[in-house]
Amino acid sequence: MNLTHFIGRDLHVRSPLLSAPFKRIQTTKATSLRRLSLLTFNGTKLLCTCLLFVPIFAHAQNQNWESWFSSQINKHPDIVAAKEQLLSTGALADASERALYNPELSTDYTRNGDNNDYSVGVEQTIDLWDRQGARRQKAGFMRTAAQAQYQEVVLNKSADAIDALINWRAARSAAVIAKSQQQQLNSLLELVEIRQAAGDLGSIDAELTFLSLSKQFAQVAGAEAQLQMAEAIVRELLPDWEPERGRIPDEFWPSKVAYPSDEELLKHPKIAKAYAQWLTQKEEAEVTRRNAKANPTFGINAGREERENVVGLTFSIPLNIRNNYSAETRSAERMALETEARFRAQYQKLRFDLQGAFGAWQSYNQQFSQWQSLVKSRIESSANLLEKQWRSGDLSTTNYLLALNQRAESLLSGIELEKQTRIALKNLMLQSGRLIDLPPVQHDFSIDHQD
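Residues numbered from 1 in each chain as written. Predicted model: local features only at pLDDT ≥ 70, side-chain atom pairs only at ≥ 80, totals over all residues. Heavy atoms only, no water.

## What to know about the sheet that holds strand 3 (residues 104–112)
One open sheet holds the four strands; their spatial order is 3-4-5-6, and the pairing between them is antiparallel. Only two strands of the sheet have a single neighbouring strand rather than two, namely strand 3 and strand 6 (308–316). Taking the axes of each pair of neighbouring strands and ignoring which way they run, one obtains an average angle of 15° across the sheet. In terms of strand pairing, strand 3 meets strand 4 (residues 115–125) through nine bridges, oriented antiparallel. Bridge pairing in strand 4 links Asp108 to Ser119. (Pairing = 2+ DSSP bridges. Helix = DSSP H or I, 4+ residues; strand = E, 2+ residues; numbered from the N terminus. Axes fitted to C-alpha atoms, helices over the stretch in contact; angles between N-to-C directions.)

As structure tokens, this is what we get:
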């Protein structure tokens, strides 16, 4: 469905869901009773058709729009910040993969009487317990977690932008309806005044029409204010957005909604991040455990002492007697258990959130489909019937104005229902990780992974 749209003075209507034929409408200033009547009739039809969503432009293919949308999202400062955080974590991961111990160079010089004693030595600590291997494993999981976190930020920001576009189009449609209602009441007031002069209607009819029109001014102002605020939100999220090119194409929305499997959910950026953080903390616990074990240091030195050449070997090893660092190990292991529990909690929450999103979308979609079926069969016939009844005198001006107001409220309800249906579908796509195309996080995911 697409929002109503004015191009010049013509109204073009196209909808993939409502296929009832509509005629091209062109309104002109009323100069006679007959032309005023036609204007009122056209205005009524215009109000009735405002529920339909019409493209603002001949949109490009969905792939081109998604490429443009992705480029806009990548320009947002939050995404730039997330990208820098990803690169920073990558640098930390690189650091974790480097060698732990560099060789140490030592020199010594002593003046002993007439003798110049000196020595030069090199020492190297040996990674006996392969701390570097555990740190290398940790670095891989750090990169995975950082990649997933970046994708989660992009996914959430994309969802915010889709929300903003949906709200903008709904606000624009509501503004079109408010303006159409105002235009119709203006035309009706002129027609009532002419009929009053001819003796067909009393002064109370003109007064009621005038009061309805004056009330409509506030509604138009409110609708336009909502439209301006919705547009500001879109522009904040999509810096190069313009109404002529920012419409979400119909092809973006899936024709069929498939419920994702548990394996697919494990690859959702939110879950992939939590999973990788768990494995990162497990490797951190292993690093801490190995750090508690002492590594030996070997050295060799050569020089002269009392005019004799000397060569020496050194060996040292920390004695973890007063502190064996077991508390640090226990803390790291507990943190690993904590991150595992958080991962499983997020996975469980996502599963239930997905169930809720799927149920909400089904409910909204069902009600919206029923609303469309109801409107499709009555949208034009009721407008014609109301006008004919009023012109023939079978319907009082009071009831006619009430009916017009109820029609407008019905159309606004339809717009709100469609908006909520689209938002529910967006939420479902977000929870399933299918809102936008994301490169898969490279890792073997399993809810039962245990090392």
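## What to know about the side chain of Thr421
Along the chain, Thr421 turns up in helix 9 (residues 397–432). Under the relative-accessibility criterion, Thr421 is labelled buried at 7%. Sequence-distant contacts of Thr421, defined by excluding residues within four places in its chain, comprise Trp361, Tyr364, Asn365 and Phe368. (Buried < 20%, exposed > 50% of the residue type's maximum accessible area, 1.4 Å probe, protein only. Contact = heavy atoms within 4.5 Å.)

## Notes on the pairing of strand 5 (residues 297–305)
Note: strand 4 against strand 5, eight bridges, orientation antiparallel. Within strand 5, the residue paired with Thr125 across the bridge is Thr297. With nine bridges joining them, strand 5 and strand 6 adopt antiparallel strand pairing. When the sheet's bridge partners are listed, Arg304 is paired in strand 6 with Asn309. Hairpin connection between strand 5 and strand 6: a loop of two residues separates the two successive antiparallel strands, and Glu306 in this loop has a positive phi of roughly 55°.

## What about the pattern of salt bridges?
Pairing between side chains of opposite charge can happen when the charged atoms of each approach one another. For the structure shown, the criterion picks out 21 salt bridges. In this structure, the salt-bridge partner of Lys419 is Glu416, at a minimum N-O distance of 3.4 Å. Residue Lys419 and its partner Glu416 are both found in helix 9; the two are separated by three residues, about one turn of the helix. The exposure class of Lys419 is buried, given its relative accessible area of 17%. Taken together, the shared-partner salt bridges connect Asp130, Glu286, Arg289, Arg290 and Glu333 into one network. (Salt bridge = Lys/Arg side-chain N within 4 Å of Asp/Glu carboxyl O.)

## Here's the deal with the packing of aromatic side chains
Scanning all chains against the criterion turns up twelve aromatic pairs. Between Phe252 and Trp253, the ring centres sit 5.1 Å apart and the planes meet at 80°, which makes this aromatic pair edge-to-face. Like Phe252, the residue Trp253 is buried in the burial classification. Aromatic pair Trp278 and Phe343: ring centres 5.6 Å apart, planes at 20°, arrangement stacked. With Trp278 in helix 7 (residues 269–291) and Phe343 in helix 8 (residues 326–392), this pair connects stretches of sequence that are 65 residues apart. For the pair Trp278 and Phe343, a shared accessibility class is recorded, and that class is buried. By way of ring pairs, the aromatic residues Trp65, Trp68, Phe69, Phe252 and Trp253 are connected into one cluster. A cation over a ring is seen here: Lys83 above Tyr150, with NZ or CZ 5.4 Å from the ring centre. (Phe/Tyr/Trp six-rings, centres within 6.5 Å; stacked < 30°, edge-to-face > 60°. Lys NZ or Arg CZ within 6 Å of the ring centre and 35° of its normal.)

## Concerning the layout of surface pockets
Space inside the second largest pocket adds up to approximately 330 Å³. Around the second largest pocket, the lining is made up of 19 residues, and of these Glu66, Phe69, Ser70, Ile436 and Asp437 lie nearest the centre. Secondary-structure elements contributing two or more residues to the lining of the second largest pocket are helix 2 (62–74) and helix 4 (131–197). The element that contributes the greatest number of residues to the lining of the second largest pocket is helix 2, accounting for eight residues. Split by residue class, the lining of the second largest pocket holds ten nonpolar, six polar and three charged. (1 Å grid on protein atoms, 1.4 Å probe; cavity = no way out; pocket = protein on both sides within 12 Å on 5 of 7 lines; lining within 4 Å. Points joined across faces, edges and corners; volume = space filled by probe spheres on them. Nonpolar A, V, L, I, M, F, W, Y, C, P; charged D, E, K, R; others polar.)

## Quick look at empty space enclosed by the protein
Summed over the entire model, instances satisfying the criterion amount to two cavities of 30 Å³ or more. In this structure, the second largest cavity spans a volume of roughly 50 Å³. Lining the second largest cavity are Ala82, Gln85, Leu86, Thr89, Ala146, Gln149 and Tyr150. Contributions of two or more residues to the lining of the second largest cavity are made by helix 3 (77–97) and helix 4. Counting residues per element, the lining of the second largest cavity draws most heavily on helix 3, which supplies four residues. Residue composition of the lining of the second largest cavity, grouped by class: four nonpolar, three polar and no charged.

## Thoughts on the side chain of Asn295
Within the secondary structure layout, Asn295 lies in the loop between helix 7 and strand 5. Among the residues examined, Asn295 registers a relative accessible area of 5% and is labelled buried. Within the structure, the side chain of Asn295 is placed 3.1 Å from the side chain of Tyr101, a separation counted as a polar contact. Reaching out from Asn295, the side chain makes a polar contact with the backbone nitrogen of Leu128 at a distance of 3.2 Å. The residues contacting Asn295, other than those within four sequence positions of it, are Tyr101, Thr125, Ile126, Asp127, Leu128, Trp129, Arg131, Ser316, Ile317 and Pro318. (Polar contact = N/O pair within 3.5 Å; in protein donor to acceptor, adjacent residues only side chain to side chain.)

## Points about unusual backbone geometry
Phi at Asp130 is positive, roughly 55°, even though this residue is not glycine. Assignment of secondary structure puts Asp130 in the loop between strand 4 and helix 4. Given a relative accessible area of 41%, Asp130 falls into the partly exposed group. If you check the backbone angles, Tyr325 has positive phi at about 60° while not being a glycine. Structurally, Tyr325 can be placed in the loop between strand 6 and helix 8. Judged by relative accessible area, Tyr325 falls into the partly exposed class, the value being 37%.

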